[in-house]
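# Chain and residue survey
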Amino acid sequence: MVVGAFAIELDTVVIGSGPGGYVAAIRAAQMGQKVAIIEREFIGGVCLNVGCIPSKALIQAGHAYHNAKGGDAVFGVTSSDVKLDFKKTQDWKNNTVVNTLTSGVEMLLKKNKVEIIRGEAYFNNENELTVMGADDSHQLYSFNNAIVATGSTPIEIPGFKFGGRVVDSTGALNFEEVPESLVVIGGGVIGSELGMAYANLGSKVTILEGSPQLLPTFEKDMVKVVEKEMKNIGIETAVNAMAKEAVDNGDSVTVKYEVKGEAKEITADYVLVSVGRRANTEDLGLEAVGVELTDRGLVKVDNQGRTSVKNFFAIGDITPGAALAHKASYEGKIAAEAISGKPAAIDYKVMPSVAYTTPELASYGLTEKEAKEQGLDVKTVKFPLAGNGRALSLNAGQGFIRLVATKEDDVLVGAQMVGVSASDVMAEVGLAIEAGMNAEDIALTIHGHPTLSEAVMDAAEGLLGLPIHM
Ligand code: FAD
Ligand code: NAI
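Rules behind the numbers
Residues numbered from 1 in each chain as written. Chains lettered and ligands numbered in written order. Predicted model: local features only at pLDDT ≥ 70, side-chain atom pairs only at ≥ 80, totals over all residues. Heavy atoms only, no water. Helix = DSSP H or I, 4+ residues; strand = E, 2+ residues; numbered from the N terminus. Rg over C-alpha atoms; globule rule 2.2 N^0.38 Å. Buried < 20%, exposed > 50% of the residue type's maximum accessible area, 1.4 Å probe, protein only. Lys, Arg positive; Asp, Glu negative; His and termini not counted. Charge placed at Lys NZ, Arg CZ, Asp CG, Glu CD. Pairing = 2+ DSSP bridges. Axes fitted to C-alpha atoms, helices over the stretch in contact; angles between N-to-C directions. Near = heavy atom within 4 Å. Polar contact = N/O pair within 3.5 Å; in protein donor to acceptor, adjacent residues only side chain to side chain. Areas by Shrake-Rupley, 256 points an atom, 1.4 Å probe, with all protein chains shown as cover. 1 Å grid on protein atoms, 1.4 Å probe; cavity = no way out; pocket = protein on both sides within 12 Å on 5 of 7 lines; lining within 4 Å. Points joined across faces, edges and corners; volume = space filled by probe spheres on them. Nonpolar A, V, L, I, M, F, W, Y, C, P; charged D, E, K, R; others polar. Domains from an automatic or database assignment. Contact = heavy atoms within 4.5 Å. UniProt positions renumbered as here; feature names shortened; annotations may be inferred. Buried area = accessible area lost by both parts, 1.4 Å probe. Salt bridge = Lys/Arg side-chain N within 4 Å of Asp/Glu carboxyl O.

## Some words on the overall build of the protein
Broken down by element type, the protein carries 15 helices and 24 strands. Since a compact globule built from 470 residues should have a radius of gyration of about 23 Å, the 24 Å found for the protein is in line with a globular shape. In terms of overall dimensions, the protein has C-alpha extents of about 70 × 60 × 45 Å along its principal axes. Classification of the 470 residues of the protein by burial places 50% in the buried group. Considering the protein, the positive charge centre built from 41 side chains and the negative charge centre built from 60 side chains are found 2 Å apart.

Below, the structure written as structure tokens:
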């Protein structure tokens, strides 16, 4: 073991290079800080390597295969010899999509003069940490400020030890072959996105969700549209389904579960367990340094991301709130600016939530229920995509856009969409909510024709009581 006896001096140190850490490091460097980033596994973190990006690549491959296999027949396009070379799919996902992005991030860090240190960080005290390298080397570093962005890990549940035929999201993203059958425990975002991707790639998928509704963070009328498509592509679902145990049969796995007390079981090639993620706040020395955690192991932070130890900041999945990449990056920028003495403060008013199901789900700002709980007097309007020419020309007329606005002055406080490209269409509404715009601001903005975003304009006109296409 090689031990660096003297501490190397750093100014601001960032632990973890996910969308929280690398963005924080670059912004801190832009603000004139001398920054180092410590990463134990992969530059780009979960999101770029085994999360957001590879999952979207597989989802897209699923669409391509499904459409070629008959999904495009409605356009008069058919093919008799459709083949899936899944090795090639995986190769494209890993070597073209993921590698291009992760090497791009590495380049950006270097261009901004952020020092990249490989290894696992452990805090010795408020101003010193040790980095353990893969070769068992230990090096001491001293620092003035720390931004902790160590992310999260899949939750393992009793009876479903990861390994073999029981996989987490990383395992499911990296199957060498498309499983003939796949059981998914947890019909949240990962379970629904990957479940639909594999169903489109040819697997027989069954999703078992413990709560009374799939995708429970989205509103029921939105989820219904996705459930219909799940049925169309052959996915079976069960809600109120509590997973009990996985039995490895060698060449298959049997999942035992209970629905309202009734014992059931199902056998498949693999079982994907996607029941949420837990924060990576253990084995980091945080508590020894005095950083306070919640009872769920998340780091307590103020509205700049500052922890109970004044030179320690925490961002991303290790802090309370949704575990989302854009939240992590946003918090990273605020923390970096706060360290640099800027008057930055977190404001989650818009906080998008998106699921890349078919069709996509997107929710910005408040739902009607949340607005009412906050004491706001609101009205809503729902514009069906069946009234949008672009959606129909894409053969994607299912779904709707809902706007939530104050009754008194039509100020937008929230919006939800289920429909094609909801992830992109809704950005306009995010800006409108952030800027405090009202329905008239959107209605009077000329939208190109034919575009999906015209549905936002139509919904805004609906809010004003002047709908043209409803
Ligand atoms: P992470 O991305 O988890 O990065 C943390 C980094 O810290 C890791 O690289 C880790 O190796 C490193 N690290 C941990 N401990 C140490 C240590 N002691 N020393 C050194 N390095 C350390 N979010 C979205 O917004 N949109 C999506 O579409 C989306 N899709 C997803 C799909 C899947 C399958 C999964 C699993 C997640 C998805 N997410 C998505 C969630 C998103 O990936 C996370 O919210 C995001 O990555 C969190 O960023 P982070 O910077 O907090 O941490
Ligand atoms: P999740 O919280 O979205 O869903 C987990 C689901 O599992 C919930 O519906 C829950 O009711 C269910 N569940 C919990 N225990 C269960 C049990 N024992 N049996 C059956 N069901 C059970 O978590 P998921 O899908 O693991 O994703 C983790 C996080 O990653 C998400 O919360 C999200 O923040 C992020 N993510 C975001 C994406 C996006 O933005 N498009 C895509 C994928 C992940």
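## Topic: the sheet that holds strand 15 (residues 253-259)
With antiparallel pairing, 3 strands are arranged side by side in an open sheet as 14-15-16. With one partner strand each, in any of the chains shown, strand 14 (241-248) and strand 16 (262-268) form the two edges of the open sheet. Shown here is a sheet whose adjacent strand axes are inclined to one another by a mean of 25 degrees, direction ignored. Across 7 bridges, the pairing between strand 15 and strand 16 is antiparallel. Counterpart to Val253 in the pairing with strand 16 is Ala268.

## Looking at the site of ligand 1
Residues in contact with ligand 1 amount to 39 residues; listed here are only the nearest, Gly20, Glu39, Lys56, Asp317 and Ala325. Within the contact set of ligand 1, an oxygen atom lies 3.5 Å away from a backbone nitrogen or oxygen of Pro19. The separation between an oxygen atom of ligand 1 and a polar main-chain atom of Ala325 is 2.9 Å. When the free accessible area of ligand 1 is taken as 1000 Å², the share hidden by the protein chains comes to 94%. Mapped onto the shell around ligand 1, the elements with two or more residues apiece are strand 3 (35-39), helix 2 (45-50), helix 3 (52-71), strand 5 (120-125) and helix 9 (325-339). Among the elements that line the shell around ligand 1, the one with the most residues is helix 2, at 4 residues.

## Some thoughts on unusual backbone geometry
Residues Thr358 and Pro359 are joined by a peptide bond in cis, for which omega reads -10 degrees. Look at the link from His449 to Pro450: it is a cis peptide, with omega at -10 degrees. Relative to the helices and strands, Pro450 is located in the loop between helix 14 (439-443) and helix 15 (454-463). The phi dihedral of Asn240 falls on the positive side, at around 55 degrees, and the residue is not glycine.

## A short note on the layout of surface pockets
A water-sized probe rolled over the atoms picks out the places where empty space is left. As a volume, the second largest pocket reaches approximately 640 Å³. In this structure, the second largest pocket is lined by 22 residues; those nearest its centre are His63, Asn67, Thr358, Ala396 and Val420. Considered class by class, the residues forming the lining of the second largest pocket number 7 nonpolar, 11 polar and 4 charged. Counting contributing residues per domain, the lining of the second largest pocket is built from domain 1 (8-154 + 278-340) and domain 3 (359-464), each supplying no fewer than three.

## Focus: helix 15
Buried residues dominate helix 15, accounting for 10 of its 10 residues. Of the positions making up helix 15, those classed as buried are Glu454, Ala455, Val456, Met457, Asp458, Ala459, Ala460, Glu461, Gly462 and Leu463. Lining the buried residues of helix 15 we find strand 22 (378-384), strand 23 (400-406), strand 24 (412-419), helix 12 (422-425), helix 13 (427-434) and helix 14. Where helix 15 ends, the next residue or the one after it, Gly465, has phi of about 80 degrees, a positive value.

## Re the site of ligand 2
Around ligand 2, the surrounding shell holds 24 residues, and the nearest of these are Glu193, Glu209, Gly276, Ala323 and Val354. In the model, an oxygen atom of ligand 2 is placed 2.9 Å from a nitrogen or oxygen of the Ile190 main chain. One of the backbone nitrogen or oxygen atoms of Ala323 is found 2.6 Å away from an oxygen atom of ligand 2. Bound to the protein, ligand 2 loses 77% of the 830 Å² it would expose on its own. Among the secondary structure elements, those contributing two or more residues to the shell around ligand 2 are helix 6 (189-200), strand 14 and strand 20 (353-355). Of the residues belonging to the shell around ligand 2, the class tally is 15 nonpolar, 6 polar and 3 charged.

## A look at the UniProt feature "domain: Pyridine nucleotide-disulphide oxidoreductase dimerisation" (unreviewed entry) in the protein
UniProt's feature table lists "domain: Pyridine nucleotide-disulphide oxidoreductase dimerisation" (unreviewed entry) at residues 351-459, given in the numbering used throughout. Secondary structure across residues 351-459 comprises 31% helix and 28% strand; the distance between its end C-alpha atoms is 21 Å.

## A word on the side chain of Glu193
Within the secondary structure, Glu193 sits in helix 6. A polar atom in the side chain of Glu193 sits 2.8 Å from the side chain of Lys56. With residues near it in sequence (within four places) discarded, Glu193 still touches Ser55, Lys56, Ile59, Val354, Ala355, Tyr356 and Thr357.

## Re the domain arrangement of the protein
When cut into domains, the protein gives domain 1 (8-154 + 278-340), domain 2 (166-275) and domain 3 (359-464). A separation of 27 Å is found between the C-alpha centroids of domain 1 and domain 2. The largest per-residue losses of area from domain 1 upon contact with domain 2 belong to Val50, Leu58 and Phe86, which jointly make up 33% of the total buried on that side. The interface formed by domain 1 and domain 2 includes 1 salt bridge. Lys56 is the salt-bridge partner of Glu193, the closest N and O atoms lying 2.8 Å from each other. Across the contact surface, domain 1 and domain 2 share 6 residue pairs in polar contact (both at pLDDT 80 or more). Broken down by secondary-structure element, the contributors of at least two residues to the side of domain 1 that touches domain 2 are helix 3 and helix 4 (86-111). Per-element accounting of the side of domain 1 that touches domain 2 gives the leading share, 10 residues, to helix 3.

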